Amino acid sequence: MSIKALIFDVDGTIADTEETHRQSFNAAFLEHDLHWDWSRGEYAELLRTSGGKERIGVYIESLRLEPAEKARLKAMVQLIHGSKTRIYGELIADGRAPLRPGVARLIGEARAAGVRLAIASTTTSANISALIGAQFGAGAWNWFEALACGDVVANKKPAPDIYARALGMLRLPAADCVAFEDSVNGLRSAKAAGLYTVVTPAVWSAGQDFSGADLLLRSLGDAAMPLQGGDAWLAGGPQLTLARLQQLHAAARPAAA
Ligand code: XBP
Ligand code: MG
């Protein structure tokens, strides 16, 4: 098996979580008496900035305020983001963001085949723990050998740092692994880290430029949401199986020198 590990992005890839993030940001703003309310359109733009704290900072910078007021608000970002993360965890624990098609199936195939699992995400470990617990059950946390997330790296996606961190934790070369992403920032991060990258765009990232993706599919496909048309042709059927991914990954490997 040329694939030794699958490395999953979280938000938008494992589950479509960004609407829950958006609602959590807005609830946190209310909690802090800030009359900010990010619409879907506004949030889609703000998503170009990876990281919730960085995103709030970019938003504050965009406001027509005196420098001193901007500085005062920026000093509150950590506090606001802490509230947002608490609210998000509560919503996710209620089952807000179901897994995307094929994610549970492919993870099950990988576990059965002894292919290792890892996460490389911009969000916080608290958010990932809430999602994994809610959607896979508490014990699933141990399925992922490496968890590279949030502030463990200085440079978030599209920088390669978070994937380099996951590879280091796995002690594997990029050539032996496959990354799964939903956004152009994530694709750029995984490709810059040298990874074969499967992109399954989420509603929030639809229309972004995914040139450079090794495989671009609407989803990973499962019985309820089978792949069709060109996706089915690329995936070799209604679902992207580990066996098919192995074929594609092996064919993409540079010929041994
Ligand atoms: C997507 C992100 C995160 C989330 C919000 O992460 O950019 O910032 O939008 O989560 P991923 P935080 O790499 O999993 O796609 O507020 O915790 O940053
Ligand atoms: Mg993502």
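Residues numbered from 1 in each chain as written. Chains lettered and ligands numbered in written order. Predicted model: local features only at pLDDT ≥ 70, side-chain atom pairs only at ≥ 80, totals over all residues. Heavy atoms only, no water.

Draft legend 1. A look at the domain arrangement of the protein. Domain assignment breaks the protein into domain 1 (5-17 + 98-256) and domain 2 (18-93). Each of domain 1 and domain 2 has a C-alpha centre, and these two points are 26 Å apart. The partner domain 2 presents 21 residues to the 16 residues of domain 1 that form the contact. Overall, the association of domain 1 and domain 2 removes approximately 1400 Å² of surface from exposure, summing both partners, and the carbon and sulfur fraction of that is 54%. By the criterion of area lost to domain 2, the three top residues of domain 1 are Thr17, Asn127 and Trp204, representing 46% of everything that side buries. Where domain 1 meets domain 2, there are 2 salt bridges. Notably, a salt bridge pairs Lys156 with Glu54, separated by 3.1 Å at the nearest N-O pair. Here domain 1 is connected to domain 2 by 9 residue pairs in polar contact (both at pLDDT 80 or more). (Domains from an automatic or database assignment. Contact = heavy atoms within 4.5 Å. Buried area = accessible area lost by both parts, 1.4 Å probe. Salt bridge = Lys/Arg side-chain N within 4 Å of Asp/Glu carboxyl O. Polar contact = N/O pair within 3.5 Å; in protein donor to acceptor, adjacent residues only side chain to side chain.)

Draft legend 2. Fine view of the site of ligand 1. Neighbouring ligand 1 are 20 residues; Asp9, Gly52, His81, Lys84 and Ser121 lie closest to it. His81 is positioned with one of its side-chain polar atoms (N or O) 2.7 Å from an oxygen atom of ligand 1. For ligand 1, an oxygen atom lies 3.1 Å from a polar atom in the side chain of Asn127. Isolated, ligand 1 exposes 440 Å² of accessible area, and the fraction of that covered by the protein chains is 95%. Elements with a minimum of two residues in the shell around ligand 1: α1 (18-31), α3 (52-62) and α5 (77-93). If you tally residues by element for the shell around ligand 1, the top one is α1, at 3 residues. When grouped by side-chain class, the residues that make up the shell around ligand 1 number 4 nonpolar, 10 polar and 6 charged. When we break the shell around ligand 1 down by domain, the ones giving at least three residues each are domain 1 (5-17 + 98-256) and domain 2 (18-93). (Near = heavy atom within 4 Å. Areas by Shrake-Rupley, 256 points an atom, 1.4 Å probe, with all protein chains shown as cover. Helix = DSSP H or I, 4+ residues; strand = E, 2+ residues; numbered from the N terminus. Nonpolar A, V, L, I, M, F, W, Y, C, P; charged D, E, K, R; others polar.)

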